Amino acid sequence: MSSQYLNVTDTPHKTASSGPFTRKKTLMKDLSADVRRDIKDTLFTADTELFLDKIFPSGLPVDQIFKKLSDAGEYADGYWKEYPYPKITPQNEPLLYKPFARISNAI
């Protein structure tokens, strides 16, 4: 290998600069358009009734489901068995995945 490829001093120094900051108001319509563009194809909504029907298609009335779960010890005193109740943050959200799957399967 030639020494010319190892000589860092041959690379010209580049500087960067930014223009002056200008304070201007952001209009809500512009902000809304930016947010919509940023979340396109990444954020979805669903009808609650359709969602629950898809993941819990048991057809049983809610009261019967809660009675069955209570009798089995899965749900008691307003709490799900083995479900952690931390303050939900993006950092501890993964703690909820296994318990949610277990509860969903119980339902």
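What you see is a predicted model; the values in this text were computed from it and never measured.

## Points about unusual backbone geometry
Right, on to step 1. Residues other than glycine seldom take positive phi values, yet Asp-77 does so here, at roughly 55°.
Right, on to step 2. The backbone of Glu-82 shows a phi angle near 60°, a positive value even though the residue is not glycine.
Right, on to step 3. Inspection of the secondary structure puts Glu-82 in the loop between strand 2 (79–80) and helix 4 (97–106).
Right, on to step 4. The class for Glu-82 is exposed, based on a relative accessible area of 57%.

## Considering helix 2 (residues 48–55)
Right, on to step 1. The element helix 2 is barely covered by neighbouring structure, given that only 0 of its 8 residues are classed as buried.
Right, on to step 2. Capping the start of helix 2 is the job of one residue whose side-chain oxygen sits 2.9 Å from the backbone nitrogen of Leu-50: Asp-47.

## What about the confidence of the model for the protein?
Right, on to step 1. When pLDDT is averaged across the protein, the result is 75; 73% of the residues are at 70 or more.
Right, on to step 2. Confidence, read as mean pLDDT per element, is least for helix 2 in the protein (77) and greatest for helix 4 (85).

## Quick look at the packing of aromatic side chains
Aromatic rings in a pair are described by how distant their centres are and how their planes are angled relative to each other.
Right, on to step 1. Under the criterion given, the structure shown has 3 aromatic pairs.
Right, on to step 2. Ring centres of Phe-66 and Trp-80 lie 6.3 Å apart, and the angle between their planes is 35°; on these two criteria the pair is classed as tilted. Taken together, the residues span a long stretch of sequence, with Phe-66 in helix 3 (residues 62–71) and Trp-80 in strand 2 at a distance of 14 residues.
Right, on to step 3. Judged by relative accessible area, which is 32%, Phe-66 ranks as partly exposed.
Right, on to step 4. We classify Trp-80 as partly exposed; its relative accessible area is 21%.

## A few points about a nonpolar patch on the surface
Right, on to step 1. A surface patch of nonpolar side chains, amounting to about 360 Å² of accessible area, comprises Met-28, Leu-31, Val-35 and Ile-39.
Right, on to step 2. Along the chain, Met-28 turns up in helix 1 (residues 28–39).

## Overview of the pattern of salt bridges
Right, on to step 1. For the coordinates displayed, the defined rule picks out 6 salt bridges.
Right, on to step 2. Arg-37 is paired through a salt bridge with Asp-34; the nearest N and O atoms lie 3.0 Å apart. Of this pair, Arg-37 and Asp-34 both sit in helix 1, 3 residues apart, roughly one helical turn.
Right, on to step 3. Take Asp-34: its relative accessible area is 34%, and that puts it in the partly exposed class.
Right, on to step 4. A salt bridge links Glu-74 to Arg-102; the nearest nitrogen and oxygen atoms lie 2.6 Å apart. With Glu-74 in the loop between helix 3 and strand 1 (75–76) and Arg-102 in helix 4, the pair connects residues that are 28 residues apart, well separated along the chain.

What counts, and where the lines are drawn
- Residues numbered from 1 in each chain as written.
- Predicted model: local features only at pLDDT ≥ 70, side-chain atom pairs only at ≥ 80, totals over all residues.
- Heavy atoms only, no water.
- Helix = DSSP H or I, 4+ residues; strand = E, 2+ residues; numbered from the N terminus.
- Buried < 20%, exposed > 50% of the residue type's maximum accessible area, 1.4 Å probe, protein only.
- Polar contact = N/O pair within 3.5 Å; in protein donor to acceptor, adjacent residues only side chain to side chain.
- pLDDT = per-residue confidence, 0-100.
- Phe/Tyr/Trp six-rings, centres within 6.5 Å; stacked < 30°, edge-to-face > 60°.
- Patch = residues over 30% accessible without salt bridge, like charges linked within 9 Å, V, L, I, M, F, W, Y side chains within 5 Å.
- Areas by Shrake-Rupley, 256 points an atom, 1.4 Å probe, with all protein chains shown as cover.
- Salt bridge = Lys/Arg side-chain N within 4 Å of Asp/Glu carboxyl O.

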